[in-house]
Amino acid sequence: VDDIFAAGADGLNFEHLVDLKMLVEKYNDKILIGNIDSAVISAGSPDEIIQATKQCIEIGSKAPRFVANIGGGITHDMQPEALDTYLQIRKQLCRTARRARQ
């Protein structure tokens, strides 16, 4: 990550394996996209999906240019109901985080 930003990158779209807290603390001025584990969306319960999304947004929202996203993107094995759960809680939490910054 250090090398990517040292090379001049303005942002990074990253997997859940990258330490989001470290990115937010060290690269707060960069565009940070991602960090929700696609496996949780694919196989997790609604409560697990909500918790993973909530944790990601709570940490990421401390960076002004953070975008919550599924690390690795949407995969073929994600059920529509799981995506609905993710999208609904993401929308709700992002609105709350945006209001808190204003």
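Quick notes on the rules
- Residues numbered from 1 in each chain as written.
- Predicted model: local features only at pLDDT ≥ 70, side-chain atom pairs only at ≥ 80, totals over all residues.
- Heavy atoms only, no water.
- Salt bridge = Lys/Arg side-chain N within 4 Å of Asp/Glu carboxyl O.
- Helix = DSSP H or I, 4+ residues; strand = E, 2+ residues; numbered from the N terminus.
- Buried < 20%, exposed > 50% of the residue type's maximum accessible area, 1.4 Å probe, protein only.
- Core = buried A, V, L, I, M, F, W, Y, C linked by side-chain atoms within 4.5 Å.
- Axes fitted to C-alpha atoms, helices over the stretch in contact; angles between N-to-C directions.
- Parallel < 35°, antiparallel > 145°, perpendicular 65-115°, else oblique.
- Left-handed = near helix turned anticlockwise from the far one by under 90°.
- Contact = heavy atoms within 4.5 Å.
- Nonpolar A, V, L, I, M, F, W, Y, C, P; charged D, E, K, R; others polar.
- Expected span 1.5 Å × (residues − 1).
- Arc of directions from axis to C-beta.

A.B. asks: How should the pattern of salt bridges be read in this particular structure?
C.D. replies: Side chains bearing opposite charge may pair, as long as their charged atoms lie close to each other. Under the counting rule described, the total for this entry stands at 2 salt bridges. The closest approach of N and O atoms between Asp 2 and Lys 26, which form a salt bridge, is 2.9 Å. Of this pair, Asp 2 sits in helix 1 (residues 2–6) while Lys 26 sits in helix 2 (residues 20–26), placing them 24 residues apart in sequence. You can call Asp 2 partly exposed: its relative accessible area is 42%. Between Lys 21 and Glu 25 there is a salt bridge, and its shortest N-O distance comes to 3.5 Å. Here the residue Lys 21 and the residue Glu 25 both occupy positions in helix 2, the gap between them amounting to 4 residues, near one helical turn. Take Glu 25: its relative accessible area is 58%, and that puts it in the exposed class.

A.B. asks: Even after reading the chapter, I still don't get the nonpolar core, so can you show me in this structure?
C.D. replies: Nonpolar side chains tend toward joint burial in soluble globular proteins. In this structure, Phe 14, Leu 20, Leu 32, Ile 41, Phe 66, Ile 70 and Tyr 86 are the most contacted members of the largest nonpolar core, which totals 24 residues. Going through the elements one at a time, strand 1 (11–14), helix 2, helix 4 (46–60) and helix 5 (80–101) are the ones with two or more residues in this core. At 6 residues, helix 5 tops the list of elements feeding residues into this core.

A.B. asks: Can you walk me through the packing of helix 4 against helix 5 in this structure?
C.D. replies: Two quantities define a packed helix pair, namely the angle between the helix axes and the distance between the axes. Interaxial distance between helix 4 and helix 5 falls to 9 Å at its minimum, and their mutual angle equals 30°. Viewed along their axes, helix 4 and helix 5 adopt a mutual orientation that is roughly parallel. Regarding helix 4 and helix 5, the two cross each other, and that crossing is right-handed. Along its contact with helix 4, which presents Pro 46, Ile 49, Ile 50, Thr 53, Lys 54 and Ile 57, the element helix 5 presents Ala 82, Thr 85, Tyr 86, Ile 89, Arg 90, Leu 93, Cys 94 and Ala 97. Residues belonging to the contact of helix 4 with helix 5 are distributed by class as follows: 10 nonpolar, 2 polar and 2 charged.

A.B. asks: Explain helix 5 to me, please; I cannot follow it from the model alone.
C.D. replies: It helps to recall that an α-helix has 3.6 residues per turn; residues three or four apart then point in one direction. Over its 22 residues, helix 5 runs 31 Å from end to end, which matches the ideal 32 Å to within 8%, given 1.5 Å per residue. Regarding helix 5, the residues found buried are Ala 82, Leu 83, Thr 85, Tyr 86, Ile 89, Leu 93 and Ala 97. For helix 5, the angular spread of buried residues about the axis comes to 150°, placing them on one side. For helix 5, exposure combined with an orientation more than 90 degrees from the buried face picks out Pro 80, Glu 81, Gln 88 and Arg 99. On its buried side, helix 5 packs onto strand 3 (36–37), helix 3 (38–43), helix 4 and strand 5 (70–71).

Any functional reading would require information beyond the geometric quantities listed.
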